[in-house]
Amino acid sequence: QVQLVESGGGSVQAGGSLRLSCAASGYTYSSYCMGWFRQAPGKEREGVAAITSGGGRTYYADSVKGRFTISRDNAKNTLSLQMDSLKPEDSAMYYCASYNSASCLSAFRAYAVNHWGQGTQVTVSS
């Protein structure tokens, strides 16, 4: 049974940092592109960052480029998202996602996601 379990969310003031983690189990984690999505109330779910199966390439939404860093540890089956210089508009539920291929050619496309985590809340106050 595939499981993606996020942790690390919380409340922080603008300009602060948080680190999200995702623990994967039940499948060959190292074979798939992984990513993070977020969804704020009343808005569509949007892709934030993605990383290829081997970790060699990363992709970021323009809104987080230069502030967020995605990484993975295939030995530990974990995915991380380091979020710095947080802004109130970063407030959302953040979801870990496992895509349906090793590459991230469909990064940020929800239809290309095979498995979702349950989400972790991030709240940034001004």
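Starting afresh in each chain, residues are numbered from 1 along the sequence in its written order. For a predicted model such as this one, the threshold for reporting local features is a pLDDT of at least 70, and the threshold for listing and counting side-chain atom pairs is 80 or more; totals across whole chains, interfaces and linings nevertheless cover every residue. Side-chain descriptors were evaluated using all non-hydrogen atoms of the structure, hydrogens and water having been removed beforehand.

Examining the sheet that holds strand β8 (residues 78-83)
- If you trace the 4 strands from one edge of the open sheet to the other, you get β1-β3-β8-β7, paired in antiparallel fashion. Here the strands that pair on one side only, and so sit at the sheet edges, are β1 (3-7) and β7 (68-73). Neighbouring strand axes in the sheet, compared pairwise and without regard to direction, differ in orientation by 15° on average. A pair of strands is considered paired only if DSSP assigns at least 2 bridges between the two. Numbering of helices and strands runs from the N terminus; a helix is a DSSP stretch of H or I covering at least four residues, while a strand is a stretch of E covering at least two. Only the stretch in contact is used when fitting a helix axis, every axis being a line fitted to C-alpha atoms; angles between N-to-C directions are given from 0 to 180 degrees.

Focus: the nonpolar core
- In these notes, a set of buried Ala, Val, Leu, Ile, Met, Phe, Trp, Tyr and Cys residues joined through side-chain atoms within 4.5 Å is what counts as a nonpolar core. Using a 1.4 Å probe on the protein chains alone, a residue whose accessible area is under 20% of its type maximum counts as buried, one over 50% counts as exposed, and one in between counts as partly exposed. Core analysis: the biggest nonpolar cluster contains 28 residues, and W36, L79, L81, M83 and Y94 have the highest contact counts within it.
- Those elements that place two or more of their residues in this core are β3 (18-25), β4 (34-39), β5 (46-51), β7, β8, β9 (92-99) and β11 (120-125).
- With 4 residues, the single largest contributor to this core is β3.
- Counting residues in hydrophobic clusters, the runner-up holds 9 residues, among them A50, A97, C104 and A112.

Quick notes on the pairing of β7
- Alternating positions in β7 separate cleanly, F68, I70 and R72 being buried on one face and T69, S71 and D73 remaining unburied on the opposite face.
- Pairing of β7 with β8, which is carried by 6 bridges, proceeds in the antiparallel orientation. Along β8, the bridge assignment pairs D73 with T78.
- Taking the residues between adjacent antiparallel strands as the criterion, β7 and β8 are bridged by 4 residues, where N77 takes a positive phi near 55°.

Some remarks on the state of the cysteines
- Only a pair of cysteine sulfur atoms within 2.5 Å qualifies as a disulfide here. Counted by the stated rule, this structure contains 2 disulfides.
- When the cysteines engaged in disulfides are numbered in sequence order, the protein pairs them as 1-3, 2-4.

Section: the packing of aromatic side chains
- Stacked, tilted and edge-to-face are the three classes applied to pairs of Phe, Tyr and Trp rings, where Trp contributes its six-membered ring and a pair requires centres within 6.5 Å; stacked means planes under 30 degrees apart, edge-to-face means over 60, and tilted covers the rest. Counted under the stated rule, the structure contains 5 aromatic pairs.
- Between F37 and Y99, the aromatic rings sit 6.2 Å apart at their centres with planes inclined by 35°, giving tilted as the arrangement. Note that F37 is positioned in strand β4 and Y99 in strand β9, a separation of 62 residues in sequence. Both residues of the pair, F37 and Y99, count as buried.
- The rings of F37, Y95, Y99 and W116 are connected pair by pair, giving a single aromatic cluster.
- Placement of a positive charge over a ring is assigned whenever Lys NZ or Arg CZ falls within 6 Å of the ring centre and within 35 degrees of the normal to the ring plane. Cation over ring: R45 sits above Y95, and NZ or CZ is 3.8 Å from the ring centre.

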